[in-house]
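# Structure assessment
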Amino acid sequence: MMAAHRAIVSASILDCDLSSLSRECRKALKAGSDRIHLDVMDGHFVPNITFGPGIIKRLRKIGKQPFDAHLMISEPSRYVDQFIDAGCDSITFHVEVEEPIEPTLLQIRKAGRLAGLAIKPATPLSALDPYRDLLDIVMVMTVEPGFGGQKFMAEAATKIDPAHAVFRDRPGERPSRREVHVDGGVNRDTAEYCGGLGVDILVVGSTLWKKGRDIEREIRLIKALADEGYRRRRPEKARAAKRTAGEAE
Ligand code: DX5
Ligand code: ZN
């Protein structure tokens, strides 16, 4: 039997063969990806253009696995309905957008989907403070959004651990799902580090789509390395808890 992994992988299809999107999504899921991460770019919020809700709606037919939309667009409020209609299970947009954020988060939650905010590498976690009780997902960007295949920014990743403390439940409302995602430059070299920081979802893009890659093996390795990171984290946590208990005596 295959060991159960704690690590969850969401395959970013940004760098796959875009002419065969549905085949590539199926391939990623069959190879062990738990979800599909869909990078939507408008050529305005970021200097690149990808695909929109129409394509996502058609892709929805490939299976029941969760679809995570990552909107790198300037006006999420204007299009959020369309992403809900397209069947996205979670919708994450950027805290750096220059429009009101709360109504869009409320709209996503009202539709029964997970609501998320992504933060660019230079944005502090405190930018999320006004939205703590409206969030299911915090997406920590470890590259500048816009392109796949960039180098992992370890400094930005240090926000992963404290990001878990951002979530807060609103009395009388659905409790938050509390997922911390890491997005950008996640591969064999960086997965263990991310696991050590306690990340919940690893977004993995270009490394899966390199020519000649065995995508199944790659996902298996990345999950195993992240799990290794989690295991290392645990003794540290236990030590810290012991110290605190000792101090309290
Ligand atoms: C970057 C995107 C990421 C990216 C991941 O703007 O949000 O999802 O495509 O790809 P890699 O893993 O290549 O950084
Ligand atoms: Zn992304």
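Refer to the preceding data block for the structure.
A brief structural summary. (Residues numbered from 1 in each chain as written. Chains lettered and ligands numbered in written order. Predicted model: local features only at pLDDT ≥ 70, side-chain atom pairs only at ≥ 80, totals over all residues. Heavy atoms only, no water.)

### Some remarks on the coordination of the zinc ion (ligand 2)
With distances of 2.0 to 2.3 Å, the protein atoms coordinating the zinc ion (ligand 2) are His37 (NE2), Asp39 (OD), His70 (ND1) and Asp183 (OD). For the zinc ion (ligand 2), the six donor atoms in the first shell make angles of 72 to 171 degrees at the metal, so the coordination geometry reads as octahedral. Mapped onto the sequence, the residues coordinating the zinc ion (ligand 2) show the spacing H-x1-D-x30-H-x112-D. You can call His37 buried: its relative accessible area is 0%. Classification of Asp39 as buried rests on a relative accessible area of 4%. (Donors = N, O, S within 2.8 Å, 3.2 Å for Na, K, Ca; no water. Tetrahedral: all angles 85-135°; square planar, octahedral: opposite > 155°, others 65-115°. Buried < 20%, exposed > 50% of the residue type's maximum accessible area, 1.4 Å probe, protein only.)

### Structural notes on the pairing of strand β7 (residues 179-183)
Among the five residues in β7, five count as buried, and that is most of the element. Residues of β7 alternate between two faces, with Glu179, His181 and Asp183 on one and Val180 and Val182 on the opposite face, all of them buried. Pairing of β7 with strand β8 (residues 201-204) involves three bridges; the strand directions are parallel. Paired with Asp183 across the two strands is Val203, which belongs to β8. (Helix = DSSP H or I, 4+ residues; strand = E, 2+ residues; numbered from the N terminus. Pairing = 2+ DSSP bridges.)

### Points about the site of ligand 1
Of all residues adjacent to ligand 1, which total 19 residues, the nearest are Gly146, Gly149, Asp183, Gly185 and Ser206. Gly185 is positioned with one of its backbone polar atoms (N or O) 2.8 Å from an oxygen atom of ligand 1. Its free accessible area being 380 Å², ligand 1 has 99% of it covered by the protein chains. Within the residue set of the shell around ligand 1, elements represented by two or more residues are β2 (35-41) and β3 (67-72). Looking at the shell around ligand 1, the element that brings in the most residues is β2, giving three residues. Per-class residue counts for the shell around ligand 1 are seven nonpolar, 10 polar and two charged. (Near = heavy atom within 4 Å. Polar contact = N/O pair within 3.5 Å; in protein donor to acceptor, adjacent residues only side chain to side chain. Areas by Shrake-Rupley, 256 points an atom, 1.4 Å probe, with all protein chains shown as cover. Nonpolar A, V, L, I, M, F, W, Y, C, P; charged D, E, K, R; others polar.)

### Comments concerning the side chain of Asp68
Summarising the element assignment, Asp68 is placed in strand β3. A polar side-chain atom of Asp68 sits 3.1 Å from a polar atom in the side chain of Arg35. If we ignore the near neighbours within four places in the chain, the residues touching Asp68 are Ser10, Arg35, Ile36, His37, Leu38, Ser90 and His181. (Contact = heavy atoms within 4.5 Å.)

### A few points about the side chain of Arg60
Relative to the helices and strands, Arg60 resides in the loop between α2 (53-59) and β3. The contacts of Arg60, once residues within four sequence positions are left out, are Gln65, Phe67, Ala86, Gly87 and Asp89.

### Overview of the packing of helix α3 (residues 76-85) against helix α4 (residues 102-110)
Their axes nearest at 10 Å, the elements α3 and α4 cross at an angle of 10 degrees. With respect to α4, the element α3 is oriented roughly parallel. The residues of α4 that touch α3, namely those facing Pro76, Ser77, Val80, Asp81 and Ile84, are Thr104, Gln107 and Ile108. (Axes fitted to C-alpha atoms, helices over the stretch in contact; angles between N-to-C directions. Parallel < 35°, antiparallel > 145°, perpendicular 65-115°, else oblique.)

### Points about the nonpolar core
A general feature of soluble globular proteins is that nonpolar side chains tend to end up buried together. Of all hydrophobic cores here, the largest spans 70 residues; its most connected members are Ile13 and Leu202. Per-element accounting of this core gives the leading share, five residues, to helix α8 (residues 215-248). Contacts of Leu202, omitting those with residues within four sequence positions, involve Ala7, Ile8, Val9, Ser10, Val182, Val186, Ala191, Cys194 and Ala226. (Core = buried A, V, L, I, M, F, W, Y, C linked by side-chain atoms within 4.5 Å.)

### Considerations on α4
Burial in α4 covers these residues: Thr104, Leu105, Ile108 and Arg109. End-on view of α4: buried residues confined to an arc of 135 degrees, all on one side of the axis. Close packing links the buried residues of α4 with α3, β4 (90-94) and β5 (114-119). Residue Gly112 follows α4 closely and has a positive phi angle near 80 degrees. (Arc of directions from axis to C-beta.)

### Re unusual backbone geometry
Of note, the phi angle at Arg178 is positive, near 60 degrees, even though the residue is not glycine. Structurally, the position occupied by Arg178 is in the loop between α6 (160-163) and β7. By relative accessible area, Arg178 is classed as partly exposed at 36%.

### As for the pattern of salt bridges
A side chain with one charge may pair with a side chain of the opposite charge, provided their charged atoms come close. Summed over all chains, the structure comprises 19 salt bridges. The residue Arg178 makes a salt bridge to Asp169 at a minimum N-O spacing of 3.5 Å. On the basis of relative accessibility, which here comes to 35%, the residue Asp169 falls in the partly exposed class. Where Arg213 meets Glu218, a salt bridge forms, and the shortest distance between an N and an O atom there is 3.5 Å. Exposure remark for Arg213: the relative accessible area of 30% places this residue in the partly exposed category. Taken together, the salt bridges that share partners define one network made up of Arg35, Asp68, Arg177 and Glu179. (Salt bridge = Lys/Arg side-chain N within 4 Å of Asp/Glu carboxyl O.)

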